[in-house]
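Take a look at the letters that make up each chain.
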2 protein chains.
Amino acid sequence: MQSKTRIQLERLLRALVKHDRKAIDDIYEQVEAIDLAEEIEDLEDDQLEYLCSHIDDEKLAEILEESDEELQLEIIDYLDNKRVLSLFNYIPKDNIVDILGELPIGKRKALINLMKADDKRVIEQLLGYDEETAGGLMTTEYIALGAHLSIIDALIKIKEIAPKTEVIDTIFVLNDKRQLIGTADLRDILSSDQNEQLTDIMNDYVISVHPETDQEEVALLVSKYDLTTIPVVNKNNALLGIITVDDIIDVIQEEHTEDMLQMHGVHKEESLDSTLLESIKMRLPWLIVNLTTAFFSSFVIKAFEATIEQIVALSATMTIVSATSGNAGNQTLSILIRSIALGEVRLRDSLPALKKEVCVGILNGFIVGCLSGIIVSLMYGNIYLGVIICMAMTFNFMISGLFGFIIPVALKALKMDPALASSIFLTATTDILGFLTFLSLANLFLPLLT
Amino acid sequence: MQSKTRIQLERLLRALVKHDRKAIDDIYEQVEAIDLAEEIEDLEDDQLEYLCSHIDDEKLAEILEESDEELQLEIIDYLDNKRVLSLFNYIPKDNIVDILGELPIGKRKALINLMKADDKRVIEQLLGYDEETAGGLMTTEYIALGAHLSIIDALIKIKEIAPKTEVIDTIFVLNDKRQLIGTADLRDILSSDQNEQLTDIMNDYVISVHPETDQEEVALLVSKYDLTTIPVVNKNNALLGIITVDDIIDVIQEEHTEDMLQMHGVHKEESLDSTLLESIKMRLPWLIVNLTTAFFSSFVIKAFEATIEQIVALSATMTIVSATSGNAGNQTLSILIRSIALGEVRLRDSLPALKKEVCVGILNGFIVGCLSGIIVSLMYGNIYLGVIICMAMTFNFMISGLFGFIIPVALKALKMDPALASSIFLTATTDILGFLTFLSLANLFLPLLT
């Protein structure tokens, strides 16, 4: 696929040089803009400049829309402000705002000042919303019609507006105060009696969000109710914009990536493409935190040096307790983080689930502990060592269930990401308490062990 | 929200008893079927039975579609086969297949045998596909029209078919052999000259998948190209069905959940709702694997008991090496698993990324190692112990970068889930090699440490 696009891109460049309009259109029809954008990243600077200055606005706008941030900045660098504005004619408002958001402030202001008053107002309003809220995701390209329009008039309007909008299968129905009072399915409009009014066929139970609603919550609603678009309204229920499902998919991917990465203390913006230096910088802080917690466990062990000196076998067996209970805790932790992300956990009724996790911990701890106990007893020829390891594991697995549950729930309650370094905090707890329990028990029953 | 739905459900039940048709319709319009389904789960058996036998087919079909597996089985238990079939008239084929898939084989066969020949053929064909492939996701409710249809005739057909189909904004265009040769946007159809043919306005570059394509790959295409629907074709490019974006969102959620859970050895089907016994059963196997690897590290330590006996400080310091390098490895691991899931990693050109991860490991290991070295030197008043810990950490962080990269890539190459127990395998490696490196170095420089 990649190399096929490359060939098309080379053909496109040659066609541009020859001003072969037909060939350009042909190629453009056969390639998706996003594939083209991915390939354009690898072009030489002069090739890119040539492409930018010779391809027409609509096509360049599509490429710009699909490019990653870096390429967007590069392309815009080759264009004067007037050309950028004419590209914007082909790009939905929400994406224009995303592009503007990445530009240096001076450039951004210059572009906004050149816009028509209407566009300027909309863009400035959209720029005002936090990127991670419904307002930051919404676009203003949609079809909204008055409730008392007849079906036939509605159809005429729809035909008129359709080419300029992102979504056509849902028509938003407004009252005289521009409040959203319903949605009409295009399929119903097509199959209804032409003299009926929109208000007769509309669905008046509409799921909507406010501009300040967190993007994660928006994604949950869209996925729960199988929506392809969700309207954004203000406190008076006036329609401000809509969010389309493709942006929601991006949000879901983004939030999942964050969960996966943050759990082990990776910065949510790191990716495989980050440079060596960026990766080191982004990972070090949590590694230092982890180092600190590792020293805490080390202090615990150090406190029992006298005991270990007498029975050096403790040194080899204590790590079994910490390693397995750390893993058990991470099992609970991952289930919790996913459940919170999927909106399945509500703080107030989570007590039974907490109890279950603690019970799972105790029972699994006892089973794994018995197994370990038997092996250790046989290995060291001391049954008491086995009993102690079993007790320590049962207790520590319980702790792992408890903290695997509490850490993400607490982070969530503190309005932080439930995944944030949660695995680091958890293994710190299970390590420290694991060593402490096991070595304390060993110390207590020392006479039986020697 | 929850309690509001509950009130509506109670009202619904009372309206059913009174046979108050208008009230029933009213309530039903104000509540989403999925909210109702969630609330119905908590009904008493006799209430559920009453509801099932008194509500009309269309409404019950919606509830059935939105229920979870357990409730679906319960509802179907209250209905005779004929009623189930009449509910199926209101449910898209892909969802019928999902429901049938959960029924006992006898019941499933009985229902299929009662179907009309046409339906039977489609359903049996759909049931033949693996659940996790494009075939398992697709539905046969879409609008496909001949390429040489005029716009005006196309519109008439669309109006006719629209009420029975899931997607109307994309019309699939077929040639005489029923091969998919393009798609037409409803917006273009609405705004085109009525005498043109579909073939004049269609987009003939169509992204499609085969029925055996893995669902993860389908999701990647939909998310990359911002599709709201993707057609499924056979090898001759004949249209078999389409997949809608709401099902793709479910796939994305499912795959992410799997990644998150499997990394730490949690069965992909476990959730917060699993019973105590299920949870224990599903988590124990990987805990046992983890116990085995923990014993391997324990054996490594045991082999150095003589060394530890002489310098008991090793016992407290060795865990710093293993804990921090385990965390560093998990950082690499989570980035890799996410990148693989997002389709960003291709095996053949992953060498630079592998090199980067190893370098990040070495450099972060050296930084964290120096810090640890200084603290340990001061704590134990022995600079050599500090040097050894720094060396061991640098080496072991390198290993963690290497294995954090290799484990998911290898699992993927073996056609397994890249996340499957990867964290368990990784920490086993970093623990074993961490203890081995550190204790070997200590043994080597023993005279300097005592």
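Counting from 1, residues in each chain are numbered in the order their sequence is written. All chains are assigned letters beginning at A, and all ligands numbers beginning at 1, according to the order in which they are written. Only residues with pLDDT of 70 or above have their local features reported here, since the model is predicted, and side-chain atom pairs are shown and tallied only from 80 upward, although totals for entire chains, interfaces and linings are computed over all residues. To get the side-chain values, take all heavy atoms of the structure and skip hydrogens and water.

### Examining the relation of the copies chain A and chain B
Here's step 1: Superposition of the copies was done by least squares, using only C-alpha atoms of residues whose pLDDT is at least 70 in both. With an RMSD of 0.1 Å, the operation that places chain A on chain B is a rotation of 180° combined with a shift of 0.1 Å along the axis. Considering both components of the superposition, the chain copies are consistent with a two-fold axis.
Here's step 2: A high fraction, 99%, of the interface residues of chain A reappear at the interface in chain B, so the copies pair face to face through one surface. The criterion used for residue contact is that any of the two residues' heavy atoms lie within 4.5 Å.

### Quick word on the interface of chain A and chain B
Here's step 1: Taken together, the 112 residues of chain A in the interface contact 112 residues of chain B.
Here's step 2: Both sides of the chain A and chain B interface together cover about 10,100 Å² of buried area, and 67% of this is carbon and sulfur.
Here's step 3: When the area that chain A buries against chain B is broken down by residue, the three leading residues are Arg 187, Met 260 and Leu 272 of chain A, summing to 8%.
Here's step 4: The working definition used for a salt bridge is a side-chain nitrogen of Lys or Arg within 4 Å of a carboxyl oxygen of Asp or Glu. Joining chain A to chain B, the criterion identifies six salt bridges.
Here's step 5: Two N or O atoms count as a polar contact when they lie within 3.5 Å, although within protein this holds only if one can serve as hydrogen donor and the other as acceptor, and sequence-adjacent residues are included solely when both atoms are side-chain atoms. Our count for the contact surface shared by chain A and chain B stands at 33 residue pairs in polar contact (both at pLDDT 80 or more).
Here's step 6: For the side of chain A that touches chain B, the per-class residue count stands at 60 nonpolar, 28 polar and 24 charged. Throughout, the accessible surface (probe 1.4 Å) given up by two parts as they are put together, summed over both, is called the buried area. Throughout, the ten residues Ala, Val, Leu, Ile, Met, Phe, Trp, Tyr, Cys and Pro are labelled nonpolar, Asp, Glu, Lys and Arg are labelled charged, and all others, Gly among them, are labelled polar.

### Some remarks on helix 19 (residues 313–341) of chain A
Along an α-helix, a turn takes 3.6 residues, which lines up residues three or four apart on a common side.
Residue and element names in this part refer to chain A.
Here's step 1: Taking 1.5 Å per residue, 29 residues should reach 42 Å; helix 19 reaches 43 Å between its end C-alpha atoms and fits that length.
Here's step 2: Counting buried residues in helix 19 gives 28 out of 29 residues, a clear majority hidden from the surface.
Here's step 3: Think of it this way: any DSSP run of H or I at least four residues long counts as a helix, any run of E at least two long counts as a strand, and we number them from the N terminus. Positive backbone phi, at 70°, marks Gly 343, one or two positions downstream of helix 19. What a helix should span is 1.5 Å times the count of its residues minus one. Buried means the residue's accessible area, taken with a 1.4 Å probe over protein chains only, is under 20% of the maximum for its type, while exposed means over 50%, and partly exposed covers the values in between.

### What about the sheet that holds strand 2 (residues 170–174) of chain A?
Residue and element names in this part refer to chain A.
Here's step 1: Sheet architecture is open: three strands sit in the order 1-2-3, paired in mixed fashion. The open sheet has two edge strands with one neighbour each: strand 1 (144–146) and strand 3 (180–185). In this sheet, neighbouring strand axes are inclined to one another by 35° on average, regardless of whether the strands run parallel or antiparallel.
Here's step 2: Two strands qualify as a pair provided DSSP detects at least 2 bridges between them. Pairing analysis gives five bridges linking strand 2 to strand 3, with the strands arranged antiparallel. Interaxial angles span 0 to 180 degrees and are taken between N-to-C directions of axes, which are lines fitted to C-alpha atoms, for helices over the stretch in contact.

### A few points about unusual backbone geometry
Here's step 1: Even without glycine at this site, Arg 178 of chain A takes up a positive phi of about 65°.
Here's step 2: Mapped onto the elements of the fold, Arg 178 of chain A is located in the loop between strand 2 and strand 3.
Here's step 3: Arg 178 of chain A sits in the partly exposed class, given a relative accessible area of 45%.
Here's step 4: Phi at Ala 421 of chain B is positive, roughly 55°, even though this residue is not glycine.

### A short note on the packing of helix 21 (residues 383–413) of chain A against helix 22 (residues 422–444) of chain A
Think of two packed helices as two axes; the pair is described by the angle between the axes and how far apart they sit.
All names here are of chain A.
Here's step 1: Close contact between helix 21 and helix 22 brings their axes to 9 Å; oriented N to C, the two are set at 155°. Between helix 21 and helix 22, the crossing angle belongs to the class labelled roughly antiparallel. Remark: the crossing between helix 21 and helix 22 carries right-handed chirality.
Here's step 2: In the contact of helix 21 with helix 22, the residues fall into 16 nonpolar, eight polar and no charged. Working rule for angles: under 35 degrees goes down as roughly parallel, over 145 as roughly antiparallel, 65 to 115 as roughly perpendicular, anything else as oblique. By convention, the crossing between two helices is left-handed when the near helix turns anticlockwise from the far helix through less than a right angle, and right-handed when the turn is clockwise.

### Describing the confidence of the model for chain A
Residue and element names in this part refer to chain A.
Here's step 1: Model confidence for chain A is summarised by a mean pLDDT of 91, while 99% of its residues fall at 70 or above.
Here's step 2: Looking at any residue, its pLDDT shows the predictor's confidence there, from 0 to 100. Averaged pLDDT values for the elements of chain A fall to 80 in helix 1 (residues 2–17) and rise to 96 in strand 4 (residues 229–233).
Here's step 3: Among the prediction metrics, the complex's ipTM stands at 0.86, with pTM recorded as 0.86.

### Focus: the packing of aromatic side chains
Here's step 1: Pairing of aromatic side chains here covers Phe, Tyr and the six-membered ring of Trp, requires ring centres within 6.5 Å, and sorts the geometry by plane angle: under 30 degrees stacked, over 60 edge-to-face, intermediate tilted. Summed over all chains, the structure comprises eight aromatic pairs over all chains.
Here's step 2: For the pair Phe 295 of chain A and Phe 299 of chain A, a centre-to-centre distance of 6.2 Å together with 45° between the ring planes defines the contact as tilted. Placement of the pair is Phe 295 of chain A and Phe 299 of chain A together in helix 17 (residues 276–303), with a separation of four residues, close to one helical turn.
Here's step 3: Look at Phe 299 of chain A and you get partly exposed, because its relative accessible area is 37%.
Here's step 4: Ring pairs connect the aromatic residues Phe 295, Phe 296 and Phe 299 of chain A, which therefore count as one cluster.
Here's step 5: Only when the NZ of Lys or the CZ of Arg is both within 6 Å of the ring centre and within 35 degrees of the ring normal is a charge said to sit over the ring. Its guanidinium or amino end placed over the ring of Tyr 28 of chain B, Lys 59 of chain B lies 5.5 Å from that ring's centre, counting from NZ or CZ.

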